[in-house]
Each structure stands twice: as C-alpha cells, then as structure tokens.
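These are the residues of each chain, in order.
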Amino acid sequence: MDALDVVRIIFGSIFVLFVPGFAWSYVFFNRGKIDLVERVALSFGLSIALVPLVVFWFNWVFHVKMSLLNTILIVLAITGVALFWLYARKRQWTVHLAEKLSSRMKFSKFRK
Amino acid sequence: MREKIQKISKIINLSYLPLVIIFILLALLEALNVISLSIDYRIFAIVVALFAIPTIMVSQRHEGGDFKKAMPILFAAFLFAFIVRVIPYVQHPVPLGYDPGFYKYTFDLYANSLPQIPEAGLASWIKEMYPQGLFVLFDTVHVTAGADSLHFMYYLFPLIGAFLVFPIFLVTRNLFGQRAGLMAAVLYAVSFTQFDMFAWFYFKNAFGLMFLLFAIYGLEKRKYGLMAVMFAALGIFHQPEFLLFALVLIPYFLMHRRRGIIYACLGAALMLLPFLISRWDETWSTLTGVASTAVTNIETGAGMGSGTFFGFTTYTAVALAYIPFALIGLFYLILKRNWNSLFFYFVINLVIVVFELFFFKRFIIPLDIVVIILAAVGIEYGIMQRVRVPKAVTALVVILLVVAGAIPTINSVKDTKPLITEGQFKAVEWLQAVEGDAYVLALSHDAPWVLGWSGHRVIAPGLFQWDYHTKDEWFAFFAANDSQSARDFLDVYDSPVYIYYANNADNCYLGFEKFANEYFQVVYNDEAIIYRYERGD
C-alpha cells in the first residue's frame, strides 16, 4: 500500500465517518450547548448511523448504484441537508413549520 | 425503639466503609489468585450494598468540576481500551474469535457485488446472521476511501471497541454527573466482559452498544430526532440490542408519557422500512423464533438459544469487583425514585439473562454496560460523596477497585489466542491458489476460516448454501472407512473438492482411512492436511 492509498483511506474515512455526523450534531445541539468531546463522539456516532440508512434508502427507492461519484454525492447530500436545516433555523423557517405541525397533531394526553 | 434504630443505623454507617475496603481487597486477592475464601462473594456484595443505604439516602448529584481536568482520565481510558484490543493482533497475525471468516466473506461479497447492494442474491444464512447496516457502511467506506475488509476488521473493530468509552461517559455524565461519567469510562476500559466480546470478534455487538448508548443519550436529553436515528441504526446493525431498547421504551413511555417518544419511534420505523421489507421473511422468522424460544425456556427451563458467551455465574465472578457498587447504584435509583431509562434497561436485561429467556448469554454484554454505569453511580454516591472520608481513602478505594477489575482483563490479553494456528491459517491461504471453481470441505470448527480466506465455496456440516447433505449423511460420511462411501458423498459436486482438516477438533471424527487410496491425493501436509478429490465421469 503506497502513501496515496493511506492518505485516501484516512481522508475518505473522515469524509464518510465524521463529516455528515458533525453537521447533524449542530442540528441536534446548537453551538455552545455541548462540549468538544460530546460533539466529536456524536459526529462519529451520527455518521455511522446516517450513512448506511441513507445509502440503502437511495439504493432501494431510486436504484442508485454505489459508484464513487454517487456515494460522494449521497454523503454530501446528508451533510447538505443538515446545513440547509441550520440555515433555515437561523432564518426561523423551521420554527414556523414546527408550530404548524404541532398545532395540527395534538397529543393532549402526553407531555412534550 | 427509635433510639435503637438510630443506633443500628449508626453501626451500619460506621461499618460500611471498612466493609467496602475488605470486599475490594478480597476481590483483588481473588483476582490475583492469592487467597480464595470459601464464602459466597455475591452474598458479601449484597451485604455491602445494603450497608450503603444510609449513605446514599443523603447524597446529592455532583456535577464534578472542571471538564479540562477530566480529559486526561477519559483519554487514558480510551488509550487503555485501545491498547488491550490491539495487543492480541500484534502477538498473532490471525484474527481472534470464531466469526472473522463469516465477516470477511460477507464484506468481500458486498465489495464484489458493487455497484449494486447484493440484497436479492444473498444466502439465507447471511440474511439471518447479518443485518444490512454494517455491510452498507463498509461498501460506502470501501468505495470512497478504498478500505478493504481487513482494514475494517483489524483497525475499525478495535477502534470502535475503544471508542465506546465516550458514549458511556456521555450517558453517565448526563444522568449522574462528571465524576460518575469518568468512573464508568474507566470501568468500561478495564472490563473483562467487554474485552471478551472483542476477543470473540462480535463486531456488530460493538456497534450495537454504541447506538444503544447514543439512543439512551438522545432519550434522556429529550432529543428525539437523535434518538430516532440511533434507534433505526440499532435495527440495521444489531437486532438483539434493538429489541432491548424497544423493550426499554415501553415502561419508560408509560412512566413519562412524552409524545416525542412516539414521534421518534415512528421516525425510526420509517427509516427502517426498506431494510425490513427487503428481509421481511427473515425478520418475521427471527421474531417468531425469539418468542418461541422464550416460551419454551420459560416452560421447560431448557436454556435453549443461549448464544456463544460465558454464563451469568462466570459473569458474577469476572465482574465481582464492581458488582456491589452496581447494586448501590440500583438502590440509589430506587430510593431517589429515579425511573430513568437505565433503570428499565437494567431490569429488562437482567430478567432476560437470569431467567434465560432468549440469547441470554449474549445479553450479558449489554448487561455489563449498564452494570458498569450503575457501579459508577454507586461509587459516586456511595463512596465519593460520603462525608468525613479523607480524599486519600476514597482515591485508594477507587484505585483498588479499578485494579481488581483490570486484572482478569490483563490476564486475558496475555492468554488470548486465535482459534487456529498460524500454520493452519497458511494452509487455508494456500487454497487460494487452487482451481477457481473448486469446493473445499471443512469441519464446522474450521469452516469460517476457510470461507473467509480460501476464496472458494465451502462444504461444511449444517453451514452455508453449498451443503447438500442431511445430518445422517454427514454422520455416515464421518463414520465411513471405505473410499466408495466418501466418493459417493462427494460426487454430488461437479468440481474438484479439497478436503481441509486442521486437527482442531478434540477427536478426529473425520477419519482418514477413506482417503488413503488413489482417488484422494494429499496436496498439502503441514499443520493442516489437505486432500484433493475430483469426480471421475
């Protein structure tokens, strides 16, 4: 195995096993709400959970083949959705949406 | 009367710490094989825990101070957990446990099927043994990073095993404060049970534990989106722990009635939909199998479907050092009426293991995780928060406890060996050079290795899709001494058959007499013997 392969394994693994979860960790916990160890651990956990879920969904529903380009695009899409969510939250879009949804779906017997 | 009770309470309170020290010293001496008293240590553990009740009744949650000071301990625990998992691989190039061959074969099968996910063409034993999650993750890393199955098995598995230090720390810190979190992380790092899980190569289990802990973390933090993702991931990585978490959610929901839990479960079900639909038959047969095993075990006490791992009695011996503290932690939860998910997790998991319902030996692995967390709670509220105890004594108790817990693990690290020798492994690899369409016949002990590393279709009793024989036919084949019976048995295969025998079984029940003739040639003879047979037309 040459140096280029090692570099590819390291950066490719970080891209798949860390980056999407890192973006999603900000969806669940705003900046400053959790410490660095919590954020890093969650990033790995979320990436390992989300990537196979989404990849399999794409393959099953849209018959997307697992080529290098498609896989990279899917990982970018997972990350992109989190970033869009964060952008929308910053613009308060998600707050309005959540309010609308919760007013329609009332479970009066249960607490939040 | 009241005075008498107060006196008794005072005596109990005064006796508690000396009892703890005596117990830990005895556990340490027992672990070192220096002194082994003929007393039941489990009863002693219960007595210690009962004596802690006056102490834990007055204790309060302690956040545990500066996080920066905690970091070195946390990373030391991670490093220790990683090193003990790497040492066996430095000593032996052959992977540990019985399962590596199954994993390697399935990883390679997924990699060779790219760019498709080979869902439709998978053999039924793969669908029953392995949910899709780990292999789809492998495919993604393989395509993107170029990592192969051995990278996954040799590097990712020890890393995930060590990485579990962090989720266990986060869950415990979230519920019981930082000091308890650190204690849980350290106890996890030295746990014999968790090391043994690694030594058996229970790859999926490690992921399952990670998702289980993160799901509990999401549930207790009321981050239901996070919980839903982790719950769904449990379903596609490790179904026993998925079932455990689902069972935990029932009493937890009834107790807390939060609607977020319903949304999270619906979300998880939606995410799991394609995985379940594509393997509906296997999922249904697994569920009915679990239910019928549980019913049979309750009715007859037969202890069927236990899974390969040590039993509950062995568990109480290897986790002896921290068991009384886990009981103290449990008493703390009950006395404080703290009905959190860990309480239900402990009760449900203990019921499965003690009443031997289903897969009960393998459920010792998640049980150990919750026992570790409760032990950390017990140490925090039963020792560290005890007033008028010098810090040096507290530190000594904690250090002795960790050492007593670590000794069985360190001994095991030294003694852990692969199930086959290097020479036998070389013989398996030698088979890669033979005809591409050949079959290899192996006994069930060696079959996973031959499947993973020979690159051929493997004929083994009761295993894999290439076994066309009944149990009786196999017994007749083993018992036969004449070449004709052996040839009749092998003639159902239209390609050359290599017979691999590594002398691992206690008795050589294969019988070599039937191969000592012109139809079978010895093509390899070292630490394993390999015969070649080709059907004559």
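Notes on the structure in this doc start here.

1. Thoughts on the sheet that holds strand β4 (residues 520–525) of chain B
Residues and elements named next belong to chain B.
In step 1: In spatial order, the strands read β2-β1-β3-β5-β4; together these five strands make up an open sheet with mixed pairing. Each edge of the sheet is formed by a strand with only one pairing partner; in this case those strands are β2 (457–459) and β4. Averaged over all pairs of adjacent strands, the angle between strand axes in this sheet comes to 30°, irrespective of strand direction.
In step 2: Pairing of strand β1 (residues 439–441) with β2 involves three bridges; the strand directions are parallel. The residue bridging Val 440 from the neighbouring strand is Val 458, located in β2.

2. Observations regarding the pattern of salt bridges
In step 1: Enumeration over the complete set of coordinates arrives at nine salt bridges over all chains.
In step 2: Put simply, Lys 221 of chain B and Glu 38 of chain A hold a salt bridge, and the shortest N to O gap is 3.9 Å. Here Lys 221 of chain B, found in the loop between α12 (203–220) and α13 (224–237), pairs with Glu 38 of chain A, found in helix α3 (residues 36–62), and the two come from separate chains.
In step 3: According to the relative accessible area criterion, Lys 221 of chain B is partly exposed, its value standing at 27%.

3. Focus: the side chain of Glu 38 of chain A
In step 1: With a relative accessible area of 5%, Glu 38 of chain A lands in the buried category.
In step 2: Once you skip the residues sitting within four places of it in the chain, Glu 38 of chain A turns out to touch Leu 170, Arg 173, Tyr 217 and Lys 221 of chain B.

4. Considerations on the packing of α3 of chain A against helix α7 (residues 133–145) of chain B
In step 1: Relative orientation of the contacting elements α3 of chain A and α7 of chain B amounts to 90°, with a least axis distance of 9 Å. For the element pair α3 of chain A / α7 of chain B, the angle class is roughly perpendicular. The segment α3 of chain A lies against α7 of chain B, with Ile 48, Val 51, Pro 52, Val 55 and Phe 56 of chain A engaging Gly 133, Val 136, Leu 137 and Thr 140 of chain B.
In step 2: Looking at side-chain class alone, the contact of α3 of chain A with α7 of chain B contains seven nonpolar, two polar and no charged residues.

5. Observations regarding helix α5 (residues 100–112) of chain B
Residue and element names in this part refer to chain B.
In step 1: With 13 residues, α5 should reach 18 Å at 1.5 Å per residue; the first-to-last C-alpha distance of 18 Å fits that figure.
In step 2: Buried residues of α5: Pro 100, Gly 101, Phe 102, Tyr 103, Lys 104, Tyr 105, Thr 106, Phe 107, Tyr 110 and Ala 111, and no others.
In step 3: The elements touched by buried residues of α5 are α6 (124–129), α7, α8 (149–163), α12 and α23 (447–453).

6. Remarks on the packing of helix α9 (residues 165–176) of chain B against α12 of chain B
Residue and element names in this part refer to chain B.
In step 1: One can describe the packing of α9 onto α12 by two numbers: an axis separation of 9 Å at closest approach and a directional angle of 25°. The pairing of α9 with α12 is recorded here as roughly parallel in orientation. Taken as a pair, α9 and α12 cross one another with a handedness that is left-handed. Contacts from Pro 167, Ile 168, Leu 170, Val 171, Asn 174 and Leu 175 of α9 reach α12 at Met 210, Leu 213, Phe 214, Ile 216, Tyr 217 and Glu 220.
In step 2: The residue makeup of the contact of α9 with α12, split by class, is ten nonpolar, one polar and one charged.

About the thresholds
- Residues numbered from 1 in each chain as written.
- Chains lettered and ligands numbered in written order.
- Predicted model: local features only at pLDDT ≥ 70, side-chain atom pairs only at ≥ 80, totals over all residues.
- Heavy atoms only, no water.
- Pairing = 2+ DSSP bridges.
- Helix = DSSP H or I, 4+ residues; strand = E, 2+ residues; numbered from the N terminus.
- Axes fitted to C-alpha atoms, helices over the stretch in contact; angles between N-to-C directions.
- Salt bridge = Lys/Arg side-chain N within 4 Å of Asp/Glu carboxyl O.
- Buried < 20%, exposed > 50% of the residue type's maximum accessible area, 1.4 Å probe, protein only.
- Contact = heavy atoms within 4.5 Å.
- Parallel < 35°, antiparallel > 145°, perpendicular 65-115°, else oblique.
- Nonpolar A, V, L, I, M, F, W, Y, C, P; charged D, E, K, R; others polar.
- Expected span 1.5 Å × (residues − 1).
- Left-handed = near helix turned anticlockwise from the far one by under 90°.

These figures come from the coordinates and say nothing about function on their own.
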